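Each chain, letter by letter, is given below.
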Amino acid sequence: MNILKAICAATALLTSFSAARAAEPSTDFTPKPASPATIAAQAQMQASLPVDDGRDEDFAHRGFIATPKETLIRHKDGHVVWDIAQQDWIKGDAPSTVNPSLWRHMKLLKEHGLYKVTEGVWQVRGLDAANMLIVSGKTGWIVIDPLMSTETAGAAMALVNEYLGKRPISAVIYGHSHPDHFGGVRALFAPGDSLPPIIAPDAMVKEAGSEFVIAGNAESRRAAFQFGVGLKPGPQGYVGAGIVVASAKGSTVTLIQPTDSIKTTGETRDIDGVRFEFQMVPETEAPSEMNFYLPEQRTLYVSEDTTCTMHNVQTPRGALVRDANKWAGYITEQIGLYGDKVESLVTGHCWPRFGNAAIKNYLGLQRDNYKFIHDQTVRLLNKGETPTEIAEELKRPDAIANEWSNRGYYGTVRHNAKGVYQRYIGWWDGIPAHLNLYPPIEQGKRYVKAMGGAGNVIREAKAAMGKGDYRWSAELLNHLVFADPSNIKAKALLADSYEQMGYQTESAIWRNIYLVGANELRGVAAVKLSMASPDMVTAMPTESFLDLIATRLNPEKIGDRTMTLVIDDSDAADHSLLSLKNSVLVPEIGKSITVPTASVSGNRMQLVGLFVAKMPLEKLEAAGLKVTGDRAALAALLAAIEPPPADYPIVTP
Ligand SMILES: [Zn+2]
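Residues numbered from 1 in each chain as written. Predicted model: local features only at pLDDT ≥ 70, side-chain atom pairs only at ≥ 80, totals over all residues.

Enquirer: I keep staring at the pairing of strand β18 (residues 574–581) and nothing clicks. Help me out?
Expert: Across a regular strand the side chains alternate sides, sitting on one face of the sheet and then on the other. Direction of pairing for strand β17 (residues 563–569) relative to β18: antiparallel, over a ladder of seven bridges. Considered in β18, the bridge of D568 is made with H575. Where β17 hands over to β18, the hairpin turn is made up of four residues, of which A573 adopts a positive phi near 50 degrees. Looking at chain direction, β18 and strand β19 (residues 584–589) are connected through six bridges and run antiparallel. Directly across from K581, in β19, lies its bridge partner V584. (Pairing = 2+ DSSP bridges. Helix = DSSP H or I, 4+ residues; strand = E, 2+ residues; numbered from the N terminus.)

Enquirer: Where do I start with helix α14 (residues 454–466) in this structure?
Expert: Residues three or four positions apart in an α-helix share a direction because the helix packs 3.6 residues into each turn. The first and last C-alpha atoms of α14 sit 18 Å apart over 13 residues, in line with the 18 Å expected at 1.5 Å per residue. Buried within α14 we find V457, A461, A464 and M465. Looking down the long axis of α14, one finds its buried residues gathered within 100 degrees of arc, a one-sided arrangement. In α14, those exposed residues whose orientation departs by more than 90 degrees from the buried face are G455 and G466. Against the buried residues of α14 lie α13 (440–450), α15 (470–483) and α16 (488–504). The first or second residue beyond α14 is G468, which carries a positive phi of 80 degrees. (Expected span 1.5 Å × (residues − 1). Buried ≥ 20, exposed ≤ 12 C-beta atoms within 10 Å, placed from the backbone. Arc of directions from axis to C-beta. Contact = placed C-beta atoms within 7 Å.)

Enquirer: Explain the nonpolar core here, please?
Expert: In summary, soluble globular proteins display a tendency toward joint burial of nonpolar side chains. In terms of nonpolar packing, the biggest core is built from 178 residues, with I142, V143, A156, V160, L477 and L494 touching the most fellow members. With nine residues, helix α17 (residues 508–521) is the largest single contributor of residues to this core. (Core = buried A, V, L, I, M, F, W, Y, C linked by C-beta atoms within 7 Å.)

Enquirer: Help me understand the pairing of β17, please; the structure alone is not making it clear to me.
Expert: Two strands pair when backbone bridges link them, and β17 and strand β20 (residues 598–602) are joined in this way by five bridges, in the parallel orientation. Of the residues in β20, the one forming a bridge with L565 is A598.

Enquirer: Is there a simple way to think about the sheet that holds β20 in this case?
Expert: Within a sheet, each strand pairs with its neighbour through backbone hydrogen bonds, oriented either parallel or antiparallel. If you walk across this open sheet you meet the five strands as β19-β18-β17-β20-β21, and the pairing is mixed. For this open sheet the edge positions go to β19 and β21 (626–629), each flanked by a neighbour on one side alone. Each adjacent strand pair in this sheet contributes to an overall mean axis angle of 20 degrees, direction not counted. Across the sheet, helix α19 (residues 542–550) is in contact with β17, β18 and β19; its angle to β19 comes to roughly 170 degrees. (Axes fitted to C-alpha atoms, helices over the stretch in contact; angles between N-to-C directions.)

Right, dumping it as structure tokens:
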């Protein structure tokens, strides 16, 4: 029985991909070239871009040693997890279907291989979504951020050992709690190896196990849009995701528990003869995150606090809103702590930066960007402006906006401003008419009727498209598609509008969102993206696991039933009481009662198999799960716990 397979299928947490074209009765559903309006918009963007002084190109190529001769990295079952050369086609001038600023950025980001940063410090870039940093210790390699997958981390270490010499791994450091920075860790060791120190920021495992759980299904569905999963690489398709070149396909994500955690800024460690000074930066780009400075190498590693692009204050895939003000504050702290000493700067994604003056200038401008967006959004919201008005109006000073690394290839000024707004005063813009809006289908029907029917909506939308006003045509057509999803013309024109918006936008993730939206309107089946691995399922805090169960209870199915359930989890070494009443499951960790309605005991994988993946009880019992008490009551509860659909519709009702 493959419990993991069932869990992956049911929870949508590792990556599995499927894309198939469903039969749609229209020839309008084909990708289109850039429209005249898009060609004009690209020219205007090109003319407005700052002068490229060639510095980023120098930094992106500096220290190059080698890239693997074999460009395909495979899973043990044979499928290709990562193609190192997948974006090598991005060269020359920007095609009319790609924003010229984004094109310049992806030409730099797609570089791949092993690079020397400074004496004793190297990076592997472009072998996975994130970078692997290598520091030479006295006895072996200190590996920081061992990529997302064992397949790619294995290839990265093979490259290091081939060109720098084979040495043992003397320590591992995880910079933060996102799996693209730790998931490949098991590739660094053979089974049975004794493990070296593994160092992480405080609460890293708990955060890694909980960030993608409670809203994980929706986050995965939206992440497939944000990361353009399923889009074919090419001028009319996928060019990248702003901070990453691509996403690994069906790879193996692992996690080894840290042996040492860093809690406060100023802590130091002597790791295999190398001195590390740490800075804690929680609640910035990840809930658990840290940076460090290597005084002997004069190298600063800043995780994702700064990168080659503006990051997300509010990521479109969905996550808690990050604290832009704190974020800026941590960068100020970095400048104070290391600003006068640092000579090279490395980040979790993107190319390094070199030279004290260039780094200080960059850190200051990155800080000013987050601080400006934060402060000015708050200033305008206090004047009564709504999120859409603030997003439209916010114009950064040229000194900030013309710094290439502040441009919005990943985060954007517009959606980050909305994130700041939401963090302080929530989703409502304050307009009474917006307090209780009709949902999309009801809105759509009423708008279409008010406009005099579908024919008028199509006419207006076409007129808007003729003028290049795709924001408006998309709005109109979206109402019509939600009012009547059988209207093929509306879907085709909406897809065409999204496509031109995707071509025009500077943000790689906005491009992906629009182009995946167009694909799905054109009948390309939704791509299921999931991220579950035995290590992460086991690392999930009991609290998150119980919340996951409670948030999948269908009240119509459970009715007015009451019951108590004791759950013994041998991996978490705890027991919990779940009490059911009023269609609410109340969890109490560490509590038990002598005569519950039923009790279940097993390891975490079995428990997840039962409650989340909905595997048959008998199969799990055969694998060792134990159930006592009222089996019928347990069966009724299990029947009312519903896994959400991993491919629910987004661009149609
Ligand atoms: Zn990352």
